[in-house]
Amino acid sequence: MTTKGRWPLIITFLAPGLLLYGVFVLSSFVQGVQISLTDWTGLTPDFNYVGLANYTDLLRDGEWWRALRHNVILLIFVPVVTLSLALFLASMLARGGPGALRGAKGAGFYRVVFFFPQVVPVVIIGIMFLYIYASQGGLLQGILGLVGVDLLDVIPNGPLGNPRTILFAIALAGVWSSVGFYLVLFLAGMGQVPAELYEAAALDGATGVRSFFSVTLPLIWSHVQTALVYLGIGTLDSFALVAVMAHNGVDADFGSDTMSTLLYRTAFTLNSQFGYASAMGTMMMIFSIVLAMITFRLTRRDRIEYT
């Protein structure tokens, strides 16, 4: 089939997907940008175009900058901890340790165990960690009680009641829920690395850690790059866990507010400012695109091929 003859076939298969994407995704983005240029409350059909007024108000909004700062903290903490744990555990399961030549015994069972949190709804995970962090009868309190330590003596008001700890307490729940997915992703990449490369590295005197950084990591770098983008965009959202685990009417809630939760409150509780909330959503969309571009740019490496 010539190149000219292939185009009708290619268009036939691509057109339905592109049409659905345009109607349900791109059109929603365009509509959101349009609403961000208005003062619409979302409750009446009347609105006025205010230009970039909502965006200039964002620049002067202290709550927005605080929420943005919290998102930046999560963007640093969650990907680093999650991907480091996933890489370590995947290496242990795939090779029995960095650079080892055999997989860990019972690796199949551990894969299911580590992946299990991924199939649990995020809301359930948030509720579960609420009970783990509870200062009365919680799992963490029970563990500390075994060694004669009171949780409230260590963290006043508990992990979710202290402005200094609530964000990291929620972040740890996010790490626990995400590690399994990236573990499986990295295992898929490590499974394609020929064992002969590890044998050659061992003959050259490479230690387990050196084999990991010189053989494993370069050959699965495309998986790491994809994981960074996917996890980074997900962390920019961070709505479900924060909505479930915070906002219980205590001052510490302001230590965990993110852009998505502030957007929700602005749209549905703070006099229904849909136009202002849409400006926040547009900025989040721009941040996601910029984050993906920067991540791909900074993590770009020459493609390594092996046979």
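Identification of the protein chain as Sugar ABC transporter permease from Candidatus Avipropionibacterium avicola is taken from an unreviewed UniProt entry. One UniProt comment on the protein chain, placed under Sequence similarities (unreviewed entry), says "Belongs to the binding-protein-dependent transport system permease family."

Engineer: Lay out the nonpolar core in plain terms, naming residues and giving numbers.
Structural biologist: The biggest cluster of nonpolar side chains holds 30 residues, and the ones touching the most others in it are L87, Y182, F186, M190 and V224. Going through the elements one at a time, α3 (62-95), α8 (166-190), α9 (195-203), α10 (208-219) and α11 (221-237) are the ones with two or more residues in this core. Residues in contact with Y182, not counting those within four places in the same chain, are T82, L83, A86, A227, Y230 and L231. The next biggest cluster of nonpolar side chains, apart from the first, holds 14 residues, and it includes V120, I125, A173 and V242.

Engineer: Provide a residue-level description of the side chain of S278, including the pertinent values.
Structural biologist: Along the chain, S278 falls in helix α14 (residues 274-298). Judged by its relative accessible area of 16%, S278 is buried. A distance of 2.8 Å separates a polar atom in the side chain of S278 from the backbone oxygen of F274. The contacts of S278, once residues within four sequence positions are left out, are G32, I35 and S36.

Engineer: Quick one: what's the story with the environment of M284, residue by residue and with numbers?
Structural biologist: Here M284 lies in helix α14. Looking at M284, the relative accessible area reads 14%, which means it is buried. When the C-alpha positions of M284 and L263 are compared, they lie 9.8 Å apart, and in sequence the two are 21 residues distant. Apart from residues lying up to four places away in sequence, M284 is in contact with L236, D237, M259, S260 and L263.

Engineer: Help me get a handle on α8, residues and values and all.
Structural biologist: With 25 residues, α8 should cover 36 Å at 1.5 Å per step; its first-to-last C-alpha distance of 36 Å lies within 8% of that length. Within α8, the axis deviates most sharply at S178, by approximately 35°. Summarising burial for α8: 18 of the 25 residues are buried, a large majority.

Engineer: Break down the pattern of salt bridges for me, with residues and values.
Structural biologist: Across all of its chains, the model carries three salt bridges by this definition. Between R60 and D57 there is a salt bridge, with the nearest N and O atoms lying 2.8 Å from each other. Here E63 makes a salt bridge to R265, at a shortest N to O gap of 3.3 Å. Here the residue E63 occupies a position in helix α3, and R265 occupies one in helix α13 (residues 259-268), the gap between them amounting to 202 residues. Connected via shared salt-bridge partners are E63, D257 and R265.

Reading the values: rules and limits
- Residues numbered from 1 in each chain as written.
- Predicted model: local features only at pLDDT ≥ 70, side-chain atom pairs only at ≥ 80, totals over all residues.
- Heavy atoms only, no water.
- UniProt positions renumbered as here; feature names shortened; annotations may be inferred.
- Core = buried A, V, L, I, M, F, W, Y, C linked by side-chain atoms within 4.5 Å.
- Buried < 20%, exposed > 50% of the residue type's maximum accessible area, 1.4 Å probe, protein only.
- Helix = DSSP H or I, 4+ residues; strand = E, 2+ residues; numbered from the N terminus.
- Contact = heavy atoms within 4.5 Å.
- Polar contact = N/O pair within 3.5 Å; in protein donor to acceptor, adjacent residues only side chain to side chain.
- Expected span 1.5 Å × (residues − 1).
- Bend = angle between axes of the 7 residues up to and from the residue.
- Salt bridge = Lys/Arg side-chain N within 4 Å of Asp/Glu carboxyl O.

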